[in-house]
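# Coordinate analysis (summary)
What follows is each chain in one-letter form.
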Amino acid sequence: MNSCYNKICRGIMVSSKNIFYRITAENENAVTDILCNLMKHRFIRDIVIRFFIPDVSESVLDSISDEGIIPQKRITYGGQPDLQIISPQIYIIVENKIRNGTPPTPYELSSYITAIKSSKAKYKRLVYLIPQDYSSSPAFDDIGKENSDIVGVCKWEKFLEALERTEVGDLSQYFKDAIEYISSLVDLHLIEDTQLKPMEVAMIYEPNIMLSAFSAAEKLSKRFKIIAEQVIATITSKFNSAFDIKIFAERNQCDSNGIGQCIVLEHNKKRDVIFYGFSNLYDNSKNDKYSFSVAFYFENDLFDVTHFKDKERDQYWWYIPIENKTYLVSDNDEKLVNAIADVIDQAIREEYQRPT
């Protein structure tokens with residue numbers, strides 16, 4: 001059996017020969033759409049539903065039609081689930097989270113649980129499909145425990161393994177590419193990298209340099225966290241108040257993947273994310289002047305970065321660079337806040353901007 005899942009877990013990116021390569025967005029909606037299309041095939045649908053509810057009967061599976069697989073549709077109780085599986089005998093809401101650090105909102109949890117409880121179907125469940133290292137919120141943990149009979153948490157790793165074991169990828173190139181593409185978009189639990197790079201080995205022999213690097217990283221991380229409220233205040237003033245856009249600071253990062261601060265924007269019960277700081281995904285080798293950036297991960301079209309001359313893109317984010325001298329002046333937070341806010345201001349789509 002060709003295991004594309006195992007290849008992805010070793011960190012190999014999706015092949016450019018994959019039929020989905022660069023023809024669809026690289027976000028949760030793309031994963032939802034591909035999964036929905038896979039479930040139009042009865043035998044894959046049965047595998048998926050039995051993964052969510054193992055004791056479901058054959059007659060219940062027979063009751064589900066293609067029309068009962070519904071992606072991205074708003075529900076009466078509020079919110080827009082990623083996927084709904086509906087028949088007179090079964091009702092499943094599936095929320096897929098492909099990235100770590102994006103916990104569901106209390107509103108989302110409450111409305112989906114209400115919808116499940118109100119259903120007259122015999123089999124009903126709210127399923128969160130999440131990465132192995134997914135960090136949830138206290139609200140999610142508490143509500144999940146209180147409603148454990150109808151709320152289930154499934155790991156993407158186990159889910160993809162279950163699909164792989166059926167060898168569906170051997171039946172069709174479409175199935176194989178679909179599973180590989182989903183795997184490439186999800187933050188899977190990769191094998192830990194403990195192999196030291198030459199630069200890291202050199203630092204071990206210069207402990208003062210290594211400790212200074214740690215110190216610098218911690219100081220920058222704290223500084224980025226401290227200015228978050230100022231950045232948020234500036235962003236808030238840029239948005240048209242007619243739109244229900246909530247803005248708040250989330251995760252402060254200081255690890256081998258990056259040093260910086262995440263700011264979350266909630267709109268239509270969905271989230272857009274801004275990250276400012278350093279990221280090892282951003283390739284600054286073309287221009288050493290740009291190592292600091294403002295990064296955008298957006299699904300709700302609040303932003304448009306196409307007009308920026310200097311920008312880079314990886315699988316998930318758009319990066320807009322800011323000159324190093326902006327953040328090296330440690331006693332001038334106002335200048336750094338204004339530089340970050342200026343990029344965000346230029347990225348806000350015209351229809352969401354505060355009228356002048």
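Everything discussed here concerns the structure shown above.
What comes next is a walk through the structure. (Residues numbered from 1 in each chain as written. Predicted model: local features only at pLDDT ≥ 70, side-chain atom pairs only at ≥ 80, totals over all residues. Heavy atoms only, no water.)

### Thoughts on the side chain of asparagine 240
With respect to the helices, strands and loops of the structure, asparagine 240 is situated in the loop between α11 (228–238) and β6 (245–255). Given a relative accessible area of 16%, asparagine 240 falls into the buried group. Separated by 2.9 Å, the side chain of asparagine 240 and the backbone nitrogen of alanine 242 make a polar contact. Residues contacting asparagine 240, with those up to four places away along its chain left out, are Tyr352, Gln353, Arg354 and Pro355. (Helix = DSSP H or I, 4+ residues; strand = E, 2+ residues; numbered from the N terminus. Buried < 20%, exposed > 50% of the residue type's maximum accessible area, 1.4 Å probe, protein only. Polar contact = N/O pair within 3.5 Å; in protein donor to acceptor, adjacent residues only side chain to side chain. Contact = heavy atoms within 4.5 Å.)

### Things to note about the pattern of salt bridges
By the definition in use, this model includes nine salt bridges. With a closest N to O distance of 3.3 Å, glutamate 58 and arginine 42 form a salt bridge. On the criterion of sequence distance, the pair formed by glutamate 58 in helix α4 (residues 58–62) and arginine 42 in helix α3 (residues 42–52) is long-range, its members being 16 residues apart. Residue classification places glutamate 58 among the partly exposed positions, given a relative accessible area of 41%. Classification of arginine 42 by relative accessible area gives partly exposed; the value is 30%. Of the charged contacts, one joins lysine 97 and glutamate 95 as a salt bridge, the two residues approaching to 3.9 Å between their closest N and O atoms. When its relative accessible area of 7% is taken as the criterion, lysine 97 is described as buried. Each of Arg42, Asp46, Arg50, Glu58 and Asp62 takes part in salt bridges that share partners, so that together they form one network. (Salt bridge = Lys/Arg side-chain N within 4 Å of Asp/Glu carboxyl O.)

### Side note on the environment of lysine 73
One can find lysine 73 in the loop between β1 (69–71) and β2 (83–87). Along the primary structure lysine 73 and glutamine 84 are separated by 11 residues, whereas in three dimensions their C-alpha atoms are 8.1 Å apart. With sequence-adjacent residues up to four places away left out, lysine 73 is seen in contact with Gly79, Gln80, Pro81 and Gln84.

### Considering the side chain of glutamate 95
Take glutamate 95: it is sitting in strand β3 (residues 90–96). Leaving out residues up to four positions away in the same chain, glutamate 95 has contacts with Gln80, Pro81, Asp82, Glu108, Tyr112, Val127, Tyr128 and Leu129.

Any functional reading would require information that these geometric values do not contain.
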